[in-house]
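Commentary on secondary and tertiary structure
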Amino acid sequence: MDVDTRLLRYFVAVAEEGNLTRAAERLYLSQPALTKQIKQLEAQLGTILFTRSKAGMRTTEAGEALAARVPAALAELDSALRASTAAASRAARVLRVGFVASAANERTQEIIAAFARRRPGWRVEMRQSDWSDPTAGLADGRVDVALVRLPFPGQEALHVEVLLTEPRWVALPDTHPLAEQPEIEFRALWDEPFIATPAESGWWREYWLATDERDGRPVRIGAVAHNPDEWLAAIANGYGVSLTPEATARFYQRPGVAYRPVRGVSPSQVGVAWPAANDHDPATRDFIHGCRAIRTIAE
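Here goes a summary of the coordinates provided. (Residues numbered from 1 in each chain as written. Predicted model: local features only at pLDDT ≥ 70, side-chain atom pairs only at ≥ 80, totals over all residues. Heavy atoms only, no water.)

Focus on the pattern of salt bridges
- For the structure on display, the rule yields 19 salt bridges.
- The closest approach of N and O atoms between Glu-110 and Arg-107, which form a salt bridge, is 3.5 Å. A residue pair is termed a helical-turn pair when its members lie 3 or 4 positions apart in one helix, as Glu-110 and Arg-107 do in helix 5 (residues 107-118) at three residues.
- For Arg-107, a relative accessible area of 21% corresponds to the partly exposed category.
- One salt bridge in this structure joins Arg-187 and Asp-215, with 3.7 Å as the shortest N-O distance. Of the two residues, Arg-187 sits in the loop between strand 8 (184-185) and strand 9 (193-196) while Asp-215 sits in the loop between helix 6 (203-209) and strand 10 (220-224), which places them 28 residues apart along the sequence.
- Accessibility expressed as a relative area gives 52% for Arg-187, which makes it exposed.
- Since its relative accessible area comes to 65%, Asp-215 is described here as exposed.
- Salt bridges linked by common partners bring Arg-118, Arg-119 and Asp-286 together as one network. (Salt bridge = Lys/Arg side-chain N within 4 Å of Asp/Glu carboxyl O. Helix = DSSP H or I, 4+ residues; strand = E, 2+ residues; numbered from the N terminus. Buried < 20%, exposed > 50% of the residue type's maximum accessible area, 1.4 Å probe, protein only.)

A few points about the pairing of strand 12 (residues 257-263)
- Bridge count between strand 7 (residues 168-173) and strand 12: five bridges; the pairing is antiparallel. By the bridge assignment, Val-170 is partnered in strand 12 with Arg-260. (Pairing = 2+ DSSP bridges.)

Focus: the packing of helix 1 (residues 5-17) against helix 2 (residues 20-27)
- Remark: helix 1 packs on helix 2, axes separated minimally by 8 Å, with the N-to-C direction vectors making an angle of 130 degrees. Looking at the two axes, helix 1 sits oblique to helix 2. As helix 1 packs across helix 2, the resulting crossing turns out to be right-handed. Packed against helix 1, whose contacting residues are Arg-9, Tyr-10, Ala-13, Val-14, Glu-16 and Glu-17, the element helix 2 presents Leu-20, Arg-22, Ala-23, Arg-26 and Leu-27 at the interface.
- Here the contact of helix 1 with helix 2 is composed, by residue class, of six nonpolar, no polar and five charged. (Axes fitted to C-alpha atoms, helices over the stretch in contact; angles between N-to-C directions. Parallel < 35°, antiparallel > 145°, perpendicular 65-115°, else oblique. Left-handed = near helix turned anticlockwise from the far one by under 90°. Contact = heavy atoms within 4.5 Å. Nonpolar A, V, L, I, M, F, W, Y, C, P; charged D, E, K, R; others polar.)

A word on the environment of Lys-36
- The topology assignment puts Lys-36 in helix 3 (residues 31-45).
- Here the alpha-carbon distance between Lys-36 and Arg-96, two residues 60 residues apart in the chain, equals 33 Å.

Points about the environment of Ser-201
- Examined against the element boundaries, Ser-201 turns out to sit in the loop between strand 9 and helix 6.
- The class of Ser-201 is buried, set by a relative accessible area of 0%.
- Between the alpha carbons of Ser-201 and Trp-131 there is a distance of 6.6 Å; along the sequence they are 70 residues apart.

Concerning helix 7 (residues 228-236)
- Residues of helix 7 that are buried: Pro-228, Trp-231, Leu-232, Ala-234 and Ile-235. Seen along its axis, helix 7 keeps its buried residues to an arc of 160 degrees; they face one direction.
- The N-capping residue of helix 7, defined by a side-chain oxygen 3.2 Å from the backbone nitrogen of Asp-229, is Asn-227. (Arc of directions from axis to C-beta. Polar contact = N/O pair within 3.5 Å; in protein donor to acceptor, adjacent residues only side chain to side chain.)

Here's the deal with the nonpolar core
- Core analysis: the largest hydrophobic core is formed by 44 residues, its most contacted members being Leu-172, Phe-186, Leu-189, Trp-231, Leu-243 and Tyr-259.
- Sorting the residues of this core by element identifies strand 5 (145-150), strand 7, strand 9, helix 6, helix 7 and strand 12 as the ones contributing at least two each.
- Core analysis: the second largest hydrophobic core is formed by 21 residues, Ala-103, Ile-111, Trp-122 and Val-145 among them. (Core = buried A, V, L, I, M, F, W, Y, C linked by side-chain atoms within 4.5 Å.)

Thoughts on the sheet that holds strand 6 (residues 159-166)
- An order of 4-3-5-13-6 is seen for the five strands of this open sheet, with the pairing classed as mixed. Each edge of the open sheet is held by one strand with a lone partner, namely strand 4 (123-128) and strand 6. Geometrically, the sheet is characterised by an average inter-axis angle of 25 degrees between neighbouring strands, direction not taken into account.
- Of the pairings in the sheet, the one linking strand 5 to strand 13 (residues 268-274) comprises five bridges and is antiparallel in character. Bridge pairing links Leu-150 to Gln-269 in strand 13.
- The strands that helix 5 touches are strand 3 (94-99), strand 4, strand 5 and strand 6; relative to strand 4, the one it contacts most, it runs at about 145 degrees.

Re the environment of Arg-220
- In this structure, Arg-220 sits in strand 10.
- Expressed as a C-alpha distance, the spacing of Arg-220 and Tyr-259, which sit 39 residues apart in the sequence, is 20 Å.

Here it is as structure tokens:
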């Protein structure tokens, strides 16, 4: 029987969490989407894997049998796939680097140049992820190392080092009354509709909505954006405002969009992240060395 490994990963998350909501957050999925995937797996296997109640999700006898074996099988498969893709990249003398939006801002080129000096003949392949994956490709092994925005879901399973800290600003339509102010108090934005990242991004979405910094005031969602282009269009069209790193004002200028500093909200950080399996990979270590060099300069 052929079963999509993606469905097995969803099953493992639900079995380990014992709760659909927590499992959905961990997987960067909506709860209805996860429920649909679990039902699909049960249909393929011809058996019920969970009993559902207000207390959560409990594995049935069939679910217990699957849960006892699947995690180890998936871990072995992941290890084999990572080893294969890593070997292919090393043979081609390529380091795969994931990033979201502006990566490490203007310091990105410095990091790549430092890597090139340490590894002549090698090439850095920059791979951009949309906002549904805040790990920038690390979660599914598509990259060796990543320049990421902190904090993000899943970082506890990775090695992470902070490189830069910068204020969060606000992007808003240039016709918005608050755009006339040189600096905006975050409290003045609480009742504005906000542009949100996809639900699949988990609590990273809540961080960029500053949900915990509103004194309990609920967030109004004006639109959802998966990438900078969608985000800029939504703001220019007047669907909402959005918190964003200060560097965005330099990297993503667009007619109809204004950027202003914000008081009363915590800053954003850029970090370098990599899986423990790459601790002893020389190419990954050389890239991290370049990252640490720009951190030292910044300090």
